[in-house]
Amino acid sequence: MHLRKRILITGGAGFLGSHLCMRLVGEGHDVICADNFFTGTKDNIIALLDEPHFELMRHDVTFPLYVEVDEIYNLACPASPIHYQHDPVQTTKTSVHGAINMLGLAKRTGAKIFQASTSEVYGDPQVHPQVEGYWGHVNPIGERSCYDEGKRCAETLFFDYHRQHALQIKVARIFNTYGPNMHPNDGRVVSNFIMQALQGHPITLFGDGSQTRSFCYVDDLINGFTALMETGDDVTGPINLGNPNEFTIRELAEKVIELTNSKSELVSAPLPSDDPLQRQPNIEQAKSRLGWEPVIQLEEGLRKTIQYFESLL
Ligand code: NAD
Ligand code: UDP
C-alpha cells in the first residue's frame, strides 16, 4: 500500500525546490512548501497551486516554524553568487539559523531531515576530484564565505544534532546543477550563457574560461535527493551528488553557442574573487550507497534548458 507522507520543503519555490515539489506531489505525498520568495517565485510552482495535497507558506526559515511532518528537505538559501552576496549577513543567517530551526522541528516531530549542502564546502579544492573525506580549502573572510561557511556550519549542526539527539540526517553535497526553472538573471553560468546566446548578446567569460565545473541536469539530481532520503539510518552522508563530467567554462560557452545557433561572441570579464579553479565530484559513495548516478549528459540537458529559456523570451 502506498503511504502518503507529510513532507516539508524549505526553499520549495526555488529552482531545485520546485522540481522536488513536483516530484513528491506527483508521487502522492502531502507537500508543504515554505519559502520567503527571495530568489524563488510562485511561477515555478504555479502548476501545483490548485493541488489539494500541496500547500504554499510564505515563511522565512530564520524564524521558527511549527508544522507536523514526517520528512524535511531543507533547501532554503540563495544559491547564486550575486544573490547570496546581495545580503551576506542574511545568507549566513539563512544557513545557520535556518538549520537550527529546521533541526529543532525535526527533533520535535521525529522527522527525517535532508540538508542541501554544497560542493562549496570544499572551497577552491586542492584535492581533485573531490571526495567526501576532503575537508576543503575555504577562505573564511572572503566574499563567498557567507555561503561557504554558512553551509559548513549547517553541516556541523546536522552532525551535532545527529550525535546529540539521534536525529536521522541526510546531508547531500550538491555540485553545479542546471535546468528549467533556474532564474534567468541569477548570474549562474548556465543561465547567463543561454540567455546571452539566445538574445545575441556577448557571452561573458570570467577569467580566461579555463576554470572547470561539472554540470548535473536537475532531473538526475532530484532522483539522488529522494534516493538519499529513502536510505536507512546508517546513511547520513555527507554524500556528493553531481555529474562527474567536467568541462572548462570556455567549452560550456562554445557548446551553448553551437546548440542555440547563436552569433554571440565570447568576451572576457574579470574573474570573481575566490572563484574555484576546478570542480568535479567523486560519486563513488552515491553509486555504492544509493545506487545512483546521473544519466542525462550535458548536450541533452542543455537542449531542454535552452527550450525553457526560449519559452520565457
Ligand atoms: P534558488 O535560489 O533557486 O532557491 C532557493 C530558495 O530558497 C528560493 O526559493 C528562495 O526564495 C528561498 N529562500 C532563500 N532564503 C530563504 C529564507 N531565509 N527562508 C525561506 N526561503 C528562503 O537556488 P537552488 O539552486 O534551487 O538551490 C536550492 C538549495 O540547493 C540551496 O540551499 C543551495 O545552496 C543548494 N545548492 C544548489 C546548487 C545548484 O547548483 N543549484 C548547488 C549546490 C547547492
Ligand atoms: N562564469 C562565467 N561567466 C558568467 C557566469 C559565471 O564565466 O557569466 C563562471 C564563474 O566565474 C565560475 C563558473 O562560471 O567559474 C561557474 O559559476 P556559477 O556562478 O554558475 O557557479 P559557481 O562558481 O558557484 O560554481
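Because the structure is predicted, anything quoted here is derived from the model rather than measured.

What counts, and where the lines are drawn
- Residues numbered from 1 in each chain as written.
- Chains lettered and ligands numbered in written order.
- Predicted model: local features only at pLDDT ≥ 70, side-chain atom pairs only at ≥ 80, totals over all residues.
- Heavy atoms only, no water.
- Helix = DSSP H or I, 4+ residues; strand = E, 2+ residues; numbered from the N terminus.
- Rg over C-alpha atoms; globule rule 2.2 N^0.38 Å.
- Buried < 20%, exposed > 50% of the residue type's maximum accessible area, 1.4 Å probe, protein only.
- Contact = heavy atoms within 4.5 Å.
- Areas by Shrake-Rupley, 256 points an atom, 1.4 Å probe, with all protein chains shown as cover.
- Near = heavy atom within 4 Å.
- Polar contact = N/O pair within 3.5 Å; in protein donor to acceptor, adjacent residues only side chain to side chain.
- Nonpolar A, V, L, I, M, F, W, Y, C, P; charged D, E, K, R; others polar.
- Core = buried A, V, L, I, M, F, W, Y, C linked by side-chain atoms within 4.5 Å.

S.K.: Explain the overall build of the protein chain here, please?
M.R.: Looking only at helices and strands, the protein chain features 9 helices and 13 strands. By the compact-globule yardstick of 20 Å for 313 residues, the protein chain fits well, its C-alpha radius of gyration being 19 Å. Dimensions of the protein chain along its principal axes, counting C-alpha atoms only, are 55 × 45 × 40 Å. Across the 313 residues of the protein chain, 54% fall into the buried class. Counting contacts in the protein chain only where the partners sit at least 6 residues apart, residues at least 24 apart contribute 81% of the total. Of the roughly 13600 Å² of accessible surface on the protein chain, a fraction of 50% belongs to carbon and sulfur atoms.

S.K.: How should I be thinking about the site of ligand 1 in this particular structure?
M.R.: For ligand 1, the set of nearby residues contains 31 residues, the closest of which are Leu16, Asp35, Thr39, Tyr147 and Lys151. A distance of 3.0 Å separates a nitrogen atom of ligand 1 from a polar side-chain atom of Asp60. Only α1 (15-26), α3 (88-109), β5 (112-118) and α4 (145-165) provide two or more residues apiece to the shell around ligand 1. Residues belonging to the shell around ligand 1 are distributed by class as follows: 15 nonpolar, 12 polar and 4 charged.

S.K.: Can you walk me through the nonpolar core in this structure?
M.R.: In globular proteins that are soluble, nonpolar side chains generally tend to be buried together. Ranked by internal contacts, the top residues of the largest apolar core, which has 59 residues, are Ile9, Tyr73, Leu75, Phe114, Phe225 and Leu302. Of the residues forming this core, the biggest block, 7 residues, is contributed by helix α6 (residues 218-229). Leaving out residues up to four positions away in the same chain, Leu75 has contacts with Ile9, Thr10, Gly11, Leu16, Gly17, Leu20, Phe114, Ala116 and Phe225. Residues Ala76, Val96, Leu157 and Val171 belong to the second largest nonpolar core, which totals 25 residues.

S.K.: Mind showing me how you'd approach the side chain of Thr212 here?
M.R.: Residue placement: Thr212 occurs in strand β9 (residues 212-214). Only 2.5 Å separates the side chain of Thr212 from the side chain of Glu246, close enough to count as a polar contact. Here the side chain of Thr212 touches Arg279 through a polar contact of 3.2 Å, landing on its backbone nitrogen. With residues near it in sequence (within four places) discarded, Thr212 still touches Glu246, Phe247, Thr248, Leu277, Gln278 and Arg279.

S.K.: Looking at this model, I keep getting lost on the site of ligand 2. Mind explaining?
M.R.: In the region of ligand 2, 18 residues are neighbours, and Asn192, Thr204, Arg213, Asp275 and Arg279 sit closest. Between ligand 2 and the protein, one listed contact pairs an oxygen atom with a side-chain N or O atom of Asn176 at 2.9 Å. Between ligand 2 and the protein, one listed contact pairs an oxygen atom with a backbone N or O atom of Val189 at 2.7 Å. In the complex, the protein chains occlude 95% of the 520 Å² of accessible area that ligand 2 would expose alone. Considered class by class, the residues forming the shell around ligand 2 number 7 nonpolar, 5 polar and 6 charged.

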